[in-house]
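If you want the building blocks of each chain, they are given just below.
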Amino acid sequence: MKHHEALAHLYLNDKLVGIVQLTGSDHSWHFGEFEPNEAFSEFAPLFGRWSLLMHADEAEPGDRLTDAASQELRETEFAIDRIHARLHVLLTDNWREARQVNIDGKLIDWKE
């Protein structure tokens, strides 16, 4: 699939939560820009927590997450992994299952 002009609807737990501009892929990982709709508000705190924890060690070079923060990150990732994610590619009318999805602000990546 050519990603440079493809748009897809993102569904989380069978709820349409926004649109994705597909921008590229690398093997089984795919990348895009995410524009959420109001329904995403149900999932936003979970992805927001994931993003904060993922970037927590960027404040100071060499810093590592504390054990408690690492445990919270694992629990957050497990919760995200329990979400059923799929994309409906509009150009091809094709459904794609996402086994893993990460949303970090406007950026989204997922593994099929």
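Everything below is about the structure shown above.
Structural notes, computed from the coordinates. This is a predicted model, so every value here is computed, not measured.

Analysis parameters
- Residues numbered from 1 in each chain as written.
- Predicted model: local features only at pLDDT ≥ 70, side-chain atom pairs only at ≥ 80, totals over all residues.
- Heavy atoms only, no water.
- Core = buried A, V, L, I, M, F, W, Y, C linked by side-chain atoms within 4.5 Å.
- Buried < 20%, exposed > 50% of the residue type's maximum accessible area, 1.4 Å probe, protein only.
- Helix = DSSP H or I, 4+ residues; strand = E, 2+ residues; numbered from the N terminus.
- Polar contact = N/O pair within 3.5 Å; in protein donor to acceptor, adjacent residues only side chain to side chain.
- Contact = heavy atoms within 4.5 Å.
- Pairing = 2+ DSSP bridges.
- Axes fitted to C-alpha atoms, helices over the stretch in contact; angles between N-to-C directions.
- Salt bridge = Lys/Arg side-chain N within 4 Å of Asp/Glu carboxyl O.

Among the nonpolar cores identified, the biggest contains 28 residues, and Leu10, Leu12 and Phe47 are the most heavily contacted of them. When contributions to this core are tallied by element, the ones reaching two or more residues are strand 1 (7–12), strand 2 (15–26), helix 1 (44–55), helix 2 (67–81), strand 4 (85–89), strand 6 (100–104) and strand 7 (107–111).

The next subject is unusual backbone geometry. In this model, Asn13 sits at a positive phi of 50°, which is unusual for a non-glycine residue. At Asp93, a position not held by glycine, the phi torsion is positive, near 55°. Turning to its location among the elements, Asp93 is positioned in the loop between strand 4 and strand 5 (94–98). According to the relative accessible area criterion, Asp93 is exposed, its value standing at 54%.

So, about the side chain of Thr76. The residue Thr76 is located in helix 2 in this model. A polar contact is formed between the side chain of Thr76 and the side chain of Arg49, at a distance of 3.2 Å.

This part covers the environment of Asn13. As for its position among the elements, Asn13 is in the loop between strand 1 and strand 2. With a relative accessible area of 35%, Asn13 lands in the partly exposed category. Residues Asn13 and His84, 71 residues apart in the sequence, show an inter-C-alpha distance of 4.8 Å. Not counting chain neighbours up to four residues away, the residues in contact with Asn13 comprise Phe43, Arg82, Ile83 and His84.

This next bit is on the sheet that holds strand 3 (residues 29–36). Strand pairing in a sheet relies on backbone hydrogen bonds, with the paired strands running either antiparallel or parallel. Reading across from one edge, 5-4-1-2-3-7-6 is the order of the seven strands in this open sheet, with antiparallel pairing throughout. Here the strands that pair on one side only, and so sit at the sheet edges, are strand 5 and strand 6. Strand after strand, the sheet turns through a mean of 30° between neighbouring axes, direction not considered. Where strand 2 meets strand 3, eight bridges bridge the pair, whose relative direction is antiparallel. Its bridge partner lying in strand 3, Val20 is registered against Phe34. Seen against the sheet, helix 1 touches strand 1 and strand 6 and runs at an angle of roughly 75° to strand 6.

Our focus in this paragraph is the pattern of salt bridges. Inspection of the entire model under this criterion finds four salt bridges. Among the ionic pairs, Arg86 bridges to Asp14, the shortest N-O distance being 3.6 Å. Here Arg86, found in strand 4, pairs with Asp14, found in the loop between strand 1 and strand 2; they are 72 residues apart in sequence, far enough to count as distant. For Asp14, a relative accessible area of 52% puts it in the exposed group. Residue Arg96 is joined to Glu112 by a salt bridge in which the shortest nitrogen-to-oxygen separation is 2.6 Å. Taken together, the positions of Arg96 in strand 5 and Glu112 in the segment after strand 7 put the pair 16 residues apart, joining distant regions of the chain. In this structure Glu112 comes out as partly exposed when scored by relative accessible area, which is 23%.

These results come straight from atomic positions and should not be treated as a statement about function.
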